[in-house]
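# Residue-level structural notes
What follows is each chain in one-letter form.
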Amino acid sequence: MKANMGGIDRGIRLIVAAIAVILYFTGTLTGTLGIIALGVAGVFTLTSIISFCPLYALFGLNTCPVKQ
């Protein structure tokens, strides 16, 4: 797995994940929607940590800056 996510992309995903978790635990997101939001937050956190997004690879996207 080669990194395909840049720093800004990773930061946005972590912020969205944190917001989803906060909304769930404050009771704003409940039921099935809340559980789905937690699942998405988990995926966003994991992909941010490893700097690799399988969907990016599938579609040929790369937001990681080129190192020379």
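The structure presented is a predicted model; accordingly, all values stated were derived computationally and were not measured.

## Thoughts on helix α1 (residues 7-25)
For α1, which comprises 19 residues, the first-to-last C-alpha distance of 27 Å matches the rise-based estimate of 27 Å (1.5 Å per residue) to within 8%. Residues of α1 that are buried: Asp9, Arg13, Ala17 and Ala20. The arc that holds every buried residue of α1, seen down its axis, measures 70°, which confines them to one face. Among the exposed residues of α1, those oriented more than 90 degrees off its buried face are Gly7, Ile8, Ile15, Ile22 and Phe25.

## Points about the packing of α1 against helix α2 (residues 31-50)
Angle between the axes and distance between the axes are the two parameters that describe a pair of packed helices. With their axes 8 Å apart at the nearest point, α1 and α2 run at an angle of 150° to one another. Taken together, the axis directions place α1 and α2 in an arrangement best described as roughly antiparallel. Here the hand of the crossing between α1 and α2 comes out left-handed. Only Gly34, Ile35, Ala37, Leu38, Ala41, Phe44, Thr45, Thr47, Ser48 and Ile49 of α2 make contact with α1, whose side of the interface consists of Arg10, Arg13, Leu14, Val16, Ala17, Ala20, Val21 and Tyr24. Class assignment for the residues of the contact of α1 with α2 results in 12 nonpolar, four polar and two charged.

What counts as what
Residues numbered from 1 in each chain as written. Predicted model: local features only at pLDDT ≥ 70, side-chain atom pairs only at ≥ 80, totals over all residues. Heavy atoms only, no water. Helix = DSSP H or I, 4+ residues; strand = E, 2+ residues; numbered from the N terminus. Expected span 1.5 Å × (residues − 1). Buried < 20%, exposed > 50% of the residue type's maximum accessible area, 1.4 Å probe, protein only. Arc of directions from axis to C-beta. Axes fitted to C-alpha atoms, helices over the stretch in contact; angles between N-to-C directions. Parallel < 35°, antiparallel > 145°, perpendicular 65-115°, else oblique. Left-handed = near helix turned anticlockwise from the far one by under 90°. Contact = heavy atoms within 4.5 Å. Nonpolar A, V, L, I, M, F, W, Y, C, P; charged D, E, K, R; others polar.

Nothing here speaks to function; it is all geometry.
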